[in-house]
Structure formats: structure tokens, C-alpha cells
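Architecture at a glance
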Amino acid sequence: MSAQILDGKLLAQQMRQRLRQARDQLGQRPVHLVSIEIGQNPAAAVYVRNQQRAAAEVGIAMEVRNLAIGTTQAQLVTAIGELNARPEVTGILVQRPLPPGIDPRTVQTAILPTKDVEGMHPENMGAILYREPALPPCTAAAAQHLIVATGIDLRGAETVVVGHSEIIGKPIAILLLHHLSTVTVCHVGTRKLIDHTRRADILVVAVGKAGLVHGDMIKPGACVIDVGINQAADGRIVGDVDFASANEVAGFLTPVPGGVGPVTVAMLLRNTLRAAGAAI
Ligand code: NAP
């Protein structure tokens, strides 16, 4: 039997309808998101266009600022400082990848926590430890949302997160811990990955390695959330999980593309509305 596919596009579309209502309830209050990009990256350009389209659907003005390719970290931090000081700017987003020489953490820390719509400022990251933060990191919140949408009882469920990055693996682990699931976090130091993945009722993979997890590493009926985004040799975008073999074993499975990605964008818009004062 094949897995139930978790349709991130559909979930994101449903979220945008609710977000549109929340935006309308804000009335004349400004909701102004500024996205900063350094140089022109074709892959990032597609992502930014998707964000802009989704923002427009919800009624959010998203201004895109392209800074010159040689922009220094100090210049970027100054540009962020100017946006922090403008009351009509309610959200700030810095597109990745950043050029060499610019430290993502310094940049993220420069954004006012109340305008940090990606939820990556240390203050917002830290708030995760105290349950539902106002502005959670978007991808982690998206993974949580997809899992909760399945209706699986998370209490006591064996949850395995593969990957322990600050912006994805660690916050996902903490968010799922709040549901009283029993969380194991795997990483490069993990001795035998398969021993962990095989006993997972919920398996979240966030590494960035195509084909890292195969069907034989998955417990029958498990809920598998594939966060990875990789370009295959033939140019296709694929996740970290081998879709065909996982589909034969898993109970629920997110596709790539069309799984975590669209829900992440919807979470960005939810954070943008929250930063502008919406109670959503
Ligand atoms: P990252 O910072 O490179 O982190 C990757 C993590 O995987 C690290 O914790 C690393 O451990 C661990 N790892 C590496 N090899 C491993 C292995 N063989 N077994 C187990 N763990 C291993 O990447 P990231 O920013 O977290 O992103 C992860 C993936 O998510 C990427 O493909 C990225 O493109 C994708 N992504 C998706 C979305 C979305 O919306 N769907 C958003 C953002 C990112 P060490 O640190 O110890 O090496």
C-alpha cells in the first residue's frame, strides 16, 4: 500500500485563506515586508517570486531590495538598521545564500526581534523553549504543522529528527518535544542511523543529502517529513528521502517539491501578519 501524500500546496492554500481574513481584520494598519537580497541568484529569484505571489494573495506588500554584489556585512547591517527604525516597515527578511564574508547569525541578530519574520533572531529562537513563540522559525513551524495536520497522536510517539542545524533540526526537535513525543536527534556523530529511523513513528529528515533515507530505513506506517531540498543529477529537485521506496512503507509522506516548502512560505506570511499585530 502506498503512503498518504501530505499535500503541502493544498495546506498552504488553506492557510493563505485564513491569513487573508487576518490581514483584512488589520484594516488600515500597515503590513509591509521588506526582503533584502545581495546580488542576483537565479534560484533565489524563483523563491522570492513565489514569496511575492503568496504575499500578494494574502494582501501583504512585499518590497524586494537588491543590494549590490560587493555589499559588505557592515553595509548590510546598516541597511537593516534603517529598516528597523522605520515604523511602517513591519517585517524584514534577508534572502539566503549570503555571500562569503557575511555571517548569517550577525545579520539575523541585527534585525529587530519584533520584525524578524523568519523567526531566526536568538530571542525568537530562544522563545521556542517556552512553548509557542510569537515568531517561530518558519521551516520548523511548517514541519510541525504538517505533522499535526495528520491527526496522529504525538504524545509518547517515537520521533526521530535527522539533522541538527540551528535553523531547522534543533527547533523542530524542541517543537515536537512540546507535544510530549519522545524525540531523538541524529547527526553526523550518530553511529547507526538506520537503528534510529526504523523505530520512528514520526521521522523528520533535514540534512540536504539526496537519497539519505530509503524505504528500508522506515518503520511501516510512519509519518515521514522530508525537509531536504537537493538538485538531482538530471536537474530535478528532490528531497533527502527516496520517494519511491519510502512511498511503499510510510503511512504519511511529504513530496519534494510540494511538501514542506509551500507551508514554510505560508508560515513566513503568518509571522509577517503577527509582526504587524494580527492575532493569528
Ligand atoms: P545544514 O545547516 O547543512 O544542516 C544539515 C544537518 O544535517 C547538520 O546538522 C548535519 O550535521 C546533518 N548531517 C549531515 N550529514 C548527515 C548524515 N549523513 N546523517 C545525519 N545527519 C547528517 O542544512 P539546513 O539549513 O538545516 O537545511 C537542511 C535541508 O533543508 C537542506 O536541503 C535545505 O536546502 C533544506 N531546507 C528546506 C526548507 C524548506 O522550506 N523545505 C527550508 C530551508 C532549508 P553536522 O552539522 O554535525 O554536520
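Rules and cut-offs
- Residues numbered from 1 in each chain as written.
- Predicted model: local features only at pLDDT ≥ 70, side-chain atom pairs only at ≥ 80, totals over all residues.
- Heavy atoms only, no water.
- Helix = DSSP H or I, 4+ residues; strand = E, 2+ residues; numbered from the N terminus.
- Contact = heavy atoms within 4.5 Å.
- Areas by Shrake-Rupley, 256 points an atom, 1.4 Å probe, with all protein chains shown as cover.
- Lys, Arg positive; Asp, Glu negative; His and termini not counted.
- Charge placed at Lys NZ, Arg CZ, Asp CG, Glu CD.
- Pairing = 2+ DSSP bridges.
- Axes fitted to C-alpha atoms, helices over the stretch in contact; angles between N-to-C directions.
- Near = heavy atom within 4 Å.
- Polar contact = N/O pair within 3.5 Å; in protein donor to acceptor, adjacent residues only side chain to side chain.
- Nonpolar A, V, L, I, M, F, W, Y, C, P; charged D, E, K, R; others polar.

The helix and strand inventory of the protein chain stands at ten helices and eleven strands. Overall, the protein chain is about 50 × 40 × 35 Å in size when its C-alpha atoms are taken along their principal axes. For the protein chain, the share of sequence-separated contacts (at least 6 apart) that also reach a separation of at least 24 residues comes to 70%. On the protein chain, roughly 13100 Å² of surface is accessible, and the fraction owed to carbon and sulfur atoms is 56%. For the protein chain, the centre of its 25 positive side-chain charges and the centre of its 23 negative side-chain charges are spaced 3 Å apart.

Right, let's talk about the sheet that holds strand β7 (residues 202–205) for a bit. Reading across the sheet, the six strands line up as β1-β11-β8-β7-β5-β6 and stay open at both edges, with parallel pairing between neighbours. If you trace the sheet from one side to the other, it starts and ends with β1 (4–5) and β6 (182–186), each paired once. Relative to β6, strand β5 (residues 158–162) runs parallel, the two being bridged by five bridges. Following the sheet pairing, E158 is matched in β6 by T182.

An order of β3-β2-β4 is seen for the three strands of this open sheet, with the pairing classed as parallel. Whereas interior strands pair on both sides, the edge strands pair on one side only; in this sheet they are β3 (61–67) and β4 (91–94). The mean angle between the axes of side-by-side strands here comes to 20°, regardless of whether they run parallel or antiparallel. As judged from the four bridges shared by strand β2 (residues 32–38) and β4, these two strands associate in the parallel manner. Across the sheet, residue I36 finds its bridge partner in β4, namely V94.

The subject of this paragraph is the site of the ligand. Taken together, 20 residues lie around the ligand, and H164, S165, V188, I229 and T264 are the ones closest in. Contact distances for the ligand include 3.3 Å between a nitrogen atom and a backbone N or O atom of V227. At a separation of 3.0 Å, an oxygen atom of the ligand approaches a polar side-chain atom of T264. Bound to the protein, the ligand loses 69% of the 930 Å² it would expose on its own. Among the elements that take part in the shell around the ligand, helix α10 (residues 260–275) stands out by supplying three residues, more than any other. Its residues placed into classes, the shell around the ligand shows ten nonpolar, nine polar and one charged.

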